[in-house]
Amino acid sequence: MNNTDQSESILAAIDRKYEAINQKTETHLEGLLWSKPITYWDYIQTDALLNLQVQRTVLPDEMVFIMYHQVNELLFKMILWEIKQIAYQDNISTAFFTERLSRVSRYFDMLTTSFDIMGNGMEVDQYMKFRNTLTPASGFQSAQYRLIEFASTDLINLIDARYRESIDRNTSYEFALEHLYWQAAGKDYHTGKKSYLLEEFERKYKKDFLAHMEEYNTINIWQKFKQLPIEDQKNDKLVQAMRHYDHTVNITWVMQHLNTAKKYIDQSGQGDGEATGGSDWKKYMHPKYQRRIFFPELWTDVELANWGVEA
């Protein structure tokens, strides 16, 4: 095909595109005549991105802390983007499922190894000073991470282990939200009183959480897996991808996070350090306590019994 034929073919395709939405091709082509060529910095919005880092103190290492967490949130957004493709893919194939889940796992693998930036990239003395200006904010308040959990598994697997027997698929989303495992980090179960950390978190995101819980109730990763033909559910590559994702999110990544926190919060080694939001960070984070398992049916009884024990 020569250049003239190729140009005519492209123009014909453009005509069909705009005819389908009742638009005039000439109008859009004229718009191209006056538009500016795109640049990298405009496309990526570099200037806006690089102006989102605002320090609260004069301590240099606070900038490391801010940028690291912003990178985490961008990766969480990438993870949610991939999970949504799985959730809304009709007649999903094992190849598509496995490939998208592998992408998600790679993002979490990256998050896991990146804790070296936090663990070895800040002076403890500086952190212990600027962290006081962050109170009562906490990484606990990452809404995107909660959305990832809701989109990954059935709600029963996110319920505090002490209350799972009182929950089933007919339970209201509101009741389920009140008994999620992470509520233990922000609620006094003797009095039922919620901490300021949790109150503000729910004030900001509760409606979004309830909507997301309902949206992914039948299309979360586990439900999409169970909707596959039985033969496909036995696909070795897919099963291994599911297990890798589960283990990476709920053990490997969590333990790296916990070990990094210990360096800064628990300097005495006695476990008496307090998180900025006041949460019981050890029991909230350690997998052996809350037993966060997205796909329990894909693990053996022995593996389930020892979940996070040796982490």
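Keep in mind that what you see is a predicted model, and the values were worked out from it rather than measured.

Which residues make up the side chain of Gln 233, and what values go with them?
Examined against the element boundaries, Gln 233 turns out to sit in helix H13 (residues 230–233). Exposure remark for Gln 233: the relative accessible area of 12% places this residue in the buried category. If sequence neighbours within four positions are ignored, Gln 233 has contacts with Phe 225, Lys 226, Leu 228 and Val 239.

Tell me about a nonpolar patch on the surface, and name the residues and values.
Together, Ile 38, Tyr 40, Trp 41, Tyr 43, Ile 44, Leu 49, Leu 50, Leu 52 and Leu 74 line one region of the surface with nonpolar side chains, adding up to about 1,000 Å² of accessible area. At the level of elements, helix H3 (40–44) and helix H4 (46–50) are the ones that each hand at least two residues to the nonpolar patch. Considering each element in turn, the nonpolar patch owes the most residues, 4 residues, to H3. Mapping Ile 44 onto the fold places it in helix H3.

Please give an account of the pattern of salt bridges that cites residues and values.
All told, the structure shown has 14 salt bridges when counted by the stated rule. Of the charged contacts, one joins Glu 99 and Arg 103 as a salt bridge, the two residues approaching to 2.9 Å between their closest N and O atoms. Of the two residues, Glu 99 and Arg 103 both sit in helix H6 (residues 94–113), 4 residues apart, roughly one turn of that helix. A residue is classified by how much of its surface remains accessible, and Glu 99, at 31% relative accessible area, is partly exposed. With its nearest N and O atoms 2.6 Å apart, the salt bridge here joins Glu 200 to Arg 203. Placement of the pair is Glu 200 and Arg 203 together in helix H11 (residues 196–215), with a separation of 3 residues, close to one helical turn. The exposure class of Glu 200 is partly exposed, given its relative accessible area of 27%. Among the charged side chains, a network of salt bridges with common partners joins Glu 82, Glu 99, Arg 100 and Arg 103.

Describe the confidence of the model for the protein chain, naming the residues involved and giving the relevant values.
A residue-level look at the protein chain finds 92% of positions with pLDDT of 70 or above and a mean pLDDT of 89. Helix H12 (residues 221–226) holds the highest mean pLDDT among the elements of the protein chain, 98, whereas helix H15 (residues 281–285) holds the lowest, 60.

Lay out the nonpolar core with the relevant residues and their values.
Counting 71 residues, the largest nonpolar core has Phe 97, Phe 108, Trp 182, Met 242 and Tyr 245 as its most contacted members. Residue contributions to this core peak at 12 residues, all from helix H14 (residues 236–265). The contacts of Phe 108, once residues within four sequence positions are left out, are Phe 76, Ile 79, Tyr 145, Ile 148, Tyr 245, Thr 248, Val 249 and Trp 253.

Go over the packing of helix H9 (residues 143–152) against H11 with me, naming the residues and quoting the values.
One can describe the packing of H9 onto H11 by two numbers: an axis separation of 10 Å at closest approach and a directional angle of 20 degrees. The angle between H9 and H11 places the two elements in the roughly parallel class. Between H9 and H11 the crossing geometry is right-handed. Side by side, H9 and H11 meet where Ala 143, Arg 146, Leu 147, Phe 150 and Ala 151 of the first sit next to Phe 201, Tyr 205, Phe 209, His 212 and Met 213 of the second. Of the residues belonging to the contact of H9 with H11, the class tally is 8 nonpolar, 1 polar and 1 charged.

So what about the packing of aromatic side chains? Which residues, and what values?
With the rule as written, the count across this model stands at 26 aromatic pairs. Ring plane angle 50 degrees and centroid distance 6.0 Å describe the contact between Tyr 68 and Phe 115, whose orientation is recorded as tilted. With Tyr 68 in helix H5 (residues 61–87) and Phe 115 in helix H7 (residues 115–120), the pair connects residues that are 47 residues apart, well separated along the chain. The side chain of Arg 146 reaches across the aromatic face of Phe 140, ending 5.2 Å from its centre.

So, how was this worked out
Residue numbers here run from 1 along each chain, matching the order of that chain's written sequence. For a predicted model such as this one, the threshold for reporting local features is a pLDDT of at least 70, and the threshold for listing and counting side-chain atom pairs is 80 or more; totals across whole chains, interfaces and linings nevertheless cover every residue. In computing side-chain properties, one takes all heavy atoms of the structure into account and sets aside hydrogens as well as water. Only DSSP runs of H or I covering at least 4 residues are called helices, and only runs of E covering at least 2 are called strands; the numbering of each starts at the N terminus. We call a residue buried when its accessible area falls under 20% of the maximum for its residue type, exposed when it is over 50%, and partly exposed in between, using a 1.4 Å probe and counting protein chains only. Two residues qualify as a contact provided that any one of their heavy atoms is within 4.5 Å of a heavy atom in the partner residue. Patch criteria: residues need more than 30% relative accessible area and no salt bridge. Like-charged residues are merged within 9 Å; nonpolar side chains of Val, Leu, Ile, Met, Phe, Trp and Tyr are merged within 5 Å. Areas reported as accessible are Shrake-Rupley estimates using a 1.4 Å probe. Residue values count occlusion only from the protein chains shown. Whenever a carboxyl oxygen of Asp or Glu lies within 4 Å of a side-chain nitrogen of Lys or Arg, that contact is scored as a salt bridge. A score between 0 and 100, pLDDT records how confident the predictor is in each residue. Side-chain atoms within 4.5 Å link the members of a nonpolar core, which is a set of buried Ala, Val, Leu, Ile, Met, Phe, Trp, Tyr and Cys residues. To get an axis, fit a line to the C-alpha atoms, keeping to the stretch in contact for a helix; angles then go from 0 to 180 degrees between the N-to-C directions. Just so you know how the angles are binned, under 35 degrees is roughly parallel, over 145 roughly antiparallel, 65 to 115 roughly perpendicular, and the rest oblique. By definition, any crossing whose near helix is turned counterclockwise from its far helix by less than a right angle is left-handed, and any crossing with a clockwise turn is right-handed. Three classes are used, and their members are as follows: Ala, Val, Leu, Ile, Met, Phe, Trp, Tyr, Cys and Pro are nonpolar, Asp, Glu, Lys and Arg are charged, and the others, Gly among them, are polar. Stacked, tilted and edge-to-face are the three classes applied to pairs of Phe, Tyr and Trp rings, where Trp contributes its six-membered ring and a pair requires centres within 6.5 Å; stacked means planes under 30 degrees apart, edge-to-face means over 60, and tilted covers the rest. Either the NZ atom of lysine or the CZ atom of arginine qualifies as a charge over a ring when it sits within 6 Å of the ring centre and within 35 degrees of the ring normal.

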